[in-house]
Amino acid sequence: TTNVKDRADIAKDVAQIEEALKTGDLDLAKIIYRDGSHSNIYDGNANVVGKRSLADFSLKSTEAMVQEPVFNLFRFALRDADDNFLGTKVDWYADAVVNNAFTTNDQSLMTLASEAMVALNLWMYVVHELHQTLFNCKNQRIEDIDGVHSIDE
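Let me sum up the structure you'll find in this document.

Rules of the game
- Residues numbered from 1 in each chain as written.
- Predicted model: local features only at pLDDT ≥ 70, side-chain atom pairs only at ≥ 80, totals over all residues.
- Heavy atoms only, no water.
- Helix = DSSP H or I, 4+ residues; strand = E, 2+ residues; numbered from the N terminus.
- Expected span 1.5 Å × (residues − 1).
- Bend = angle between axes of the 7 residues up to and from the residue.
- Axes fitted to C-alpha atoms, helices over the stretch in contact; angles between N-to-C directions.
- Parallel < 35°, antiparallel > 145°, perpendicular 65-115°, else oblique.
- Contact = heavy atoms within 4.5 Å.
- Buried < 20%, exposed > 50% of the residue type's maximum accessible area, 1.4 Å probe, protein only.
- Core = buried A, V, L, I, M, F, W, Y, C linked by side-chain atoms within 4.5 Å.
- Phe/Tyr/Trp six-rings, centres within 6.5 Å; stacked < 30°, edge-to-face > 60°.
- Lys NZ or Arg CZ within 6 Å of the ring centre and 35° of its normal.

### Let's talk about helix 8 (residues 111-138)
- For helix 8, with 28 residues, the first-to-last C-alpha span of 40 Å sits near the 40 Å given by 1.5 Å per residue.
- Largest kink in helix 8: about 30 degrees, centred on W123.
- Looking at the residues trailing helix 8, positive phi occurs at Q140, about 50 degrees.

### With respect to the packing of helix 6 (residues 69-78) against helix 8
- Put simply, helix 6 and helix 8 touch, their axes get as near as 9 Å, and they point 140 degrees apart. By the angle class used here, helix 6 and helix 8 are oblique. Residues P69, V70, F71 and F74 of helix 6 touch helix 8, and the partners they reach there are W123, M124, V127 and H131.

### Description of the environment of K22
- Mapped onto the elements, K22 comes out in helix 2 (residues 10-22).
- C-alpha of K22 to C-alpha of T111: the two residues are 89 residues apart in sequence and 7.9 Å apart in space.

### Thoughts on unusual backbone geometry
- Phi angles above zero are rare outside glycine, and D83 is one such case at about 60 degrees.
- Residue position: D83 is located in the loop between helix 6 and strand 3 (84-85).
- One non-glycine residue, L86, adopts positive backbone phi at about 50 degrees.
- Structurally, L86 is set in the loop between strand 3 and strand 4 (88-89).

### Digging into the environment of F102
- Following the sequence through the fold, F102 ends up in helix 7 (residues 93-102).
- By relative accessible area, which is 2% here, F102 ends up buried.
- Non-local contacts of F102, meaning those with residues more than four positions away in its chain, are made with L21, L26, A29, K30, Y33, M110, A113 and M117.

### Concerning the nonpolar core
- With 29 residues, the main nonpolar core has I17, Y33, L54, F102 and M117 as its most contacted residues.
- Taken together, the elements giving at least two residues each to this core come down to helix 2, helix 3 (26-35), helix 4 (54-59), helix 7 and helix 8.
- At seven residues, helix 8 tops the list of elements feeding residues into this core.
- Residues in contact with M117, not counting those within four places in the same chain, are I17, Y33, L54, V98, F102 and L122.

### Describing the packing of aromatic side chains
- Within the structure shown, the criterion is met by five aromatic pairs.
- Centre to centre, the rings of F71 and Y93 are 6.4 Å apart; their planes meet at 40 degrees, and the pair counts as tilted. With F71 in helix 6 and Y93 in helix 7, the pair connects residues that are 22 residues apart, well separated along the chain.
- A residue is classified by how much of its surface remains accessible, and F71, at 1% relative accessible area, is buried.
- The class for Y93 is buried, based on a relative accessible area of 3%.
- When the centroid spacing of 5.1 Å and the interplanar angle of 0 degrees are considered together, the rings of F74 and Y93 count as stacked. Of this pair, F74 sits in helix 6 while Y93 is found in helix 7, placing the two residues 19 residues apart along the sequence.
- The exposure class of F74 is partly exposed, given its relative accessible area of 25%.
- Taking NZ or CZ as reference, R75 lies 5.5 Å from the ring centre of F76, over its face.

Okay, structure coming up:
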């Protein structure tokens, strides 16, 4: 088996964001979304070197996902004439949707932000991991760190 608890802990961030939104603490929700709270990133020596954030799944996506068909489907479908979406770089479309949802004054729509984080940011990362595993398999580049671990993530 592989240890992916640190990645699974992103669910705690989602729960904390949802709770913050329910109680009207928009600032806390934004901080957790942007900076992360529960999902640690480790170096090769098992030292914590940072936090994984839901925003980073969108904001750091382009380099890793630029060759993937599902990511490009969204990029090409959502971009305007200036390669933007909702006033920001189209590659960050998921982040744009989340931040746009944060601006609503309608409390009943506030959960849209946390739903978008899961449906857009996190989902696209899962699709990325599947594409990466397939690519590695096809190119006979599977190692313990890349094979089962990628699927476990």
